[in-house]
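# A structural walkthrough
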Amino acid sequence: MEDFQSYRDNGVLTLEELRNHYSSCFTCGVSWSEDHVSLDCSECGGYAMQRPCPACDGQCCSIWSRDMAASHHSRQAKWEGQCKGGWKVPERLL
Ligand SMILES: [Zn+2]
Ligand SMILES: [Zn+2]
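Fair warning: this is a prediction, and the values are worked out from it, not measured in the lab.

## Brief notes about the overall build of the protein chain
Each helix and strand in the protein chain was counted, giving three helices and three strands. Put simply, the protein chain runs from its N terminus to its C terminus through helices and strands in the order α-α-β-β-α-β. The proportion of buried residues among the 94 residues of the protein chain is 17%. A sequence separation of at least 24 residues applies to 30% of the contacts in the protein chain between residues at least 6 apart.

Structure below.
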């Protein structure tokens, strides 16, 4: 804990803290990596790190992963994945 404290005193975030920050919602602050999510937050988009295929509403059974950089940047949930059913992805999800 001593190291941790000295990082704090220097005002420098530890790598762990940075990682936690990055995998959290910048809008509402919940931790996606801990599977927390706000249902009414557009950056969360109702899911944490993964969600069923948004193109076909999960019918193809593929799981998409959150694009964290894009989500943070646009303040909207963005997902990466491929629809096994071949459905076109609505533009707002790209
Ligand atoms: Zn959020
Ligand atoms: Zn699909």
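## What to know about the sheet that holds strand β3 (residues 79-80)
Reading across the sheet, the three strands line up as β1-β2-β3 and stay open at both edges, with antiparallel pairing between neighbours. Of all strands in the sheet, those with a lone pairing partner are β1 (50-52) and β3, marking the two edges. Of the strand pairs in this sheet, strand β2 (residues 63-66) and β3 are connected by two bridges, and their pairing is antiparallel. What sits directly across from R66, in β3, is W79.

## Description of the environment of H36
Within the secondary structure, H36 is located in the loop between α2 (15-22) and β1. With twelve residues separating them along the chain, H36 and A48 place their C-alpha atoms 6.1 Å apart. Among residues more than four places away in sequence, those in contact with H36 are V30, S31 and A48.

## What about unusual backbone geometry?
The phi angle at D57 is positive, at roughly 65°, despite the residue not being glycine. Locating D57 in the fold gives a position in the loop between β1 and β2.

Basis of the calculations
- In this numbering scheme, every chain counts its residues from 1 along its sequence in written order.
- Working convention: letters from A go to chains and numbers from 1 go to ligands, in the order in which they are written.
- Restriction of local features to residues with pLDDT of at least 70 applies here, the model being predicted, together with a cutoff of 80 or more for giving and counting side-chain atom pairs; totals for whole chains, interfaces and linings are based on all residues.
- Runs of H or I in DSSP of at least four residues are treated as helices and runs of E of at least two as strands, each being numbered from the N terminus.
- Exposed residues have 12 or fewer other C-beta atoms within 10 Å of their own C-beta, buried residues have 20 or more, and residues in between are partly exposed; the C-beta atoms are placed from the backbone.
- The contact criterion used here is simple: two residues whose C-beta atoms, placed from the backbone, lie within 7 Å are in contact.
- Here, a strand pair is defined by DSSP locating no fewer than two bridges between the strands.

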